[in-house]
Amino acid sequence: MRPIQLPEPPSPTARRGTPDIFESGVHTFVRRAVVIGNGFAASENQSIGLVRALGLSDKHVLYRVTRPKGGINEWLQWLPVSLHKKIDYIVRMIRDYSQLMLKSQEKKLMPLPSENGVSAGLLAVLEADVKQIVSFARETYEKEGPLLVVACGRDSISTASSIKRLASENVFVVQIQHPRLHLNRFDMVITPKHDYYPLTSEGQKQVPQFLRSWITPRDPPDCHVVLTMGALHQIDFTSIRSTAVTWHDEFAHVPRPLLVVNIGGPTRNCRYGVDLAKQLAASLLSVLASCGSVRISFSERAPQKVSNIILKELGTNPKIYIWDGQGPNPHMGHLAWADAFVITADSVSMISEACSTGKPVYVLGAERCRWKFTEFHKSLRELGVVRPFTGSENISESWSYPPLTDTADAAKKVHEALAARGWKLKV
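Just so it is clear, the structure is predicted and the values come from calculations on it, not from any experiment.

(A) Representation of the sheet that holds strand E3 (residues 60-64). If you trace the 6 strands from one edge of the open sheet to the other, you get E3-E2-E6-E7-E8-E9, paired in parallel fashion. Two strands close off the open sheet at either side, each with one partner strand: E3 and strand E9 (225-228). Within this sheet the neighbouring strands show an average axis-to-axis angle of 20 degrees, counted without direction. Pairing between strand E2 (residues 32-37) and E3: 5 bridges, direction parallel. Residue Ala-33 lies in a different strand from E3, and its bridge partner there is His-60.

Below you can see the structure in the form of structure tokens.
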């Protein structure tokens, strides 16, 4: 019988290259991740940003929880995803059957469209992706170790919690953004501090007594809740340096200081229209003398009437460049090369990214925000991270602050939580 060859034990002075068998049990290493997305870039960017900060950027798989689109479905977005899909399936079956009866002839029904590679019939309605990911986690556990699952957004809550319930011994589930209820269904919840605004004295004043039991969250954060100042993202000094090189030819010769303006769109809790666009245009013209150049870009949520005002008022100014949406998106280049930012108050994500650079960030329209978003902007101002944009600024006079490091801080908490469970990342 041939003797079994074991690897040499590690040298006491060895600094790396230690075989897993000596360093720890093979099943305690987390080597890969699954991201549960909802099709929205802002949400998926948070999950991928955390995965990147954990060193698993090229070792993750993206799944999406999708909703039916079109017709009556636009009115059903508030429903849980599983119920929404069931209703959509029934409606389509009734519609197809009605068409069959009206034509009074035998006709084979068209196959239902697929979602995430799975038939959109009952199998998809019952969240088939949960079974797929759970099977993957169980079947590969012996060889690859535990699976990190990172989800973000309301539509991902059911999928992520189901994975935790069915494969709790094989996965570590992180839910980004507050799931409102049943936080114990996740190993960790990462959410901005302003999500707990309803529990503050100011928040309580805005909620009638008879409605307070319906407002979530209802309890203070416990030990497995990680609080951040803003949104997670993929921006840090490493990505900024890399991006600066990539966009060098585009920005190296742009007159300085370069002011970058990011325009979002109105939301339920931060409403504005052409009035804010006119205010922004007037304020930019006021500070233009202190700028070498200005570059403006719009998010997908920006209303056409807002962009039209900006184009009309500023489009012909030689100092101002307005990105028309054609070609590569310059957003990352703007973050790397800008000397200062002006950002509309509606976008927590864009503000969070800019505040991670340590460069001056001016916010327009914060006074139009309400509910928890007032708390977000108030906290940033108190930290000295942002200032209101009034049109009286001298852009050539720079100021700085300790950059926000929410993503790195959250990644550290994940490391600590894994260690408490006897697991650690292997990157």
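What follows picks up the thread again.
(B) Representation of the environment of His-334 in the model. Position of His-334 among the secondary structure elements: in helix H12 (residues 331-337). Put simply, His-334 and Val-260 are 74 residues apart on the chain and 6.5 Å apart in space, counted from C-alpha to C-alpha. Apart from the residues within four sequence positions on either side, His-334 is in contact with Phe-251, Val-260, Arg-295, Ser-297 and Phe-341.

(C) Representation of a nonpolar patch on the surface in the model. A contiguous nonpolar patch, built from Phe-210, Leu-211 and Trp-214 and spanning about 420 Å² of accessible area, is present on the exposed surface. By the element assignment, Phe-210 lies in the loop between helix H7 (201-205) and E9.

(D) Up close: the packing of aromatic side chains. Throughout the structure, instances matching the rule amount to 6 aromatic pairs. Note on Trp-247 and Phe-251: the rings are 5.8 Å apart at their centroids and 55 degrees apart in plane angle, and the pair reads as tilted. A relative accessible area of 16% means that Trp-247 is categorised as buried. Aromatic pair Phe-251 and Trp-337: ring centres 6.4 Å apart, planes at 15 degrees, arrangement stacked. Here Phe-251, found in helix H9 (residues 248-251), pairs with Trp-337, found in helix H12; they are 86 residues apart in sequence, far enough to count as distant.

(E) Molecular detail of the packing of helix H10 (residues 274-287) against helix H11 (residues 304-314). Two elements in contact, H10 and H11, have axes whose closest approach is 9 Å; the angle formed by their N-to-C orientations is 25 degrees. Put simply, H10 runs roughly parallel to H11. The element H10 and its partner H11 pack so that their crossing is right-handed. When H10 is examined against H11, the residues Val-274, Ala-277, Lys-278, Leu-280, Ala-281, Leu-284 and Leu-285 are found in contact with a partner set consisting of Lys-305, Val-306, Ile-309, Ile-310, Glu-313 and Leu-314. Its residues assigned to classes, the contact of H10 with H11 comprises 10 nonpolar, no polar and 3 charged.

(F) Geometry of the side chain of Ser-356. Summarising the element assignment, Ser-356 is placed in the loop between helix H13 (348-355) and strand E14 (361-364). Look at Ser-356 and you get buried, because its relative accessible area is 6%. Those residues in contact with Ser-356, other than ones at most four positions away along the chain, are His-233, Ile-235, Pro-403 and Leu-404.

Parameters at a glance
Residues numbered from 1 in each chain as written. Predicted model: local features only at pLDDT ≥ 70, side-chain atom pairs only at ≥ 80, totals over all residues. Heavy atoms only, no water. Pairing = 2+ DSSP bridges. Helix = DSSP H or I, 4+ residues; strand = E, 2+ residues; numbered from the N terminus. Axes fitted to C-alpha atoms, helices over the stretch in contact; angles between N-to-C directions. Contact = heavy atoms within 4.5 Å. Patch = residues over 30% accessible without salt bridge, like charges linked within 9 Å, V, L, I, M, F, W, Y side chains within 5 Å. Areas by Shrake-Rupley, 256 points an atom, 1.4 Å probe, with all protein chains shown as cover. Salt bridge = Lys/Arg side-chain N within 4 Å of Asp/Glu carboxyl O. Phe/Tyr/Trp six-rings, centres within 6.5 Å; stacked < 30°, edge-to-face > 60°. Buried < 20%, exposed > 50% of the residue type's maximum accessible area, 1.4 Å probe, protein only. Parallel < 35°, antiparallel > 145°, perpendicular 65-115°, else oblique. Left-handed = near helix turned anticlockwise from the far one by under 90°. Nonpolar A, V, L, I, M, F, W, Y, C, P; charged D, E, K, R; others polar.

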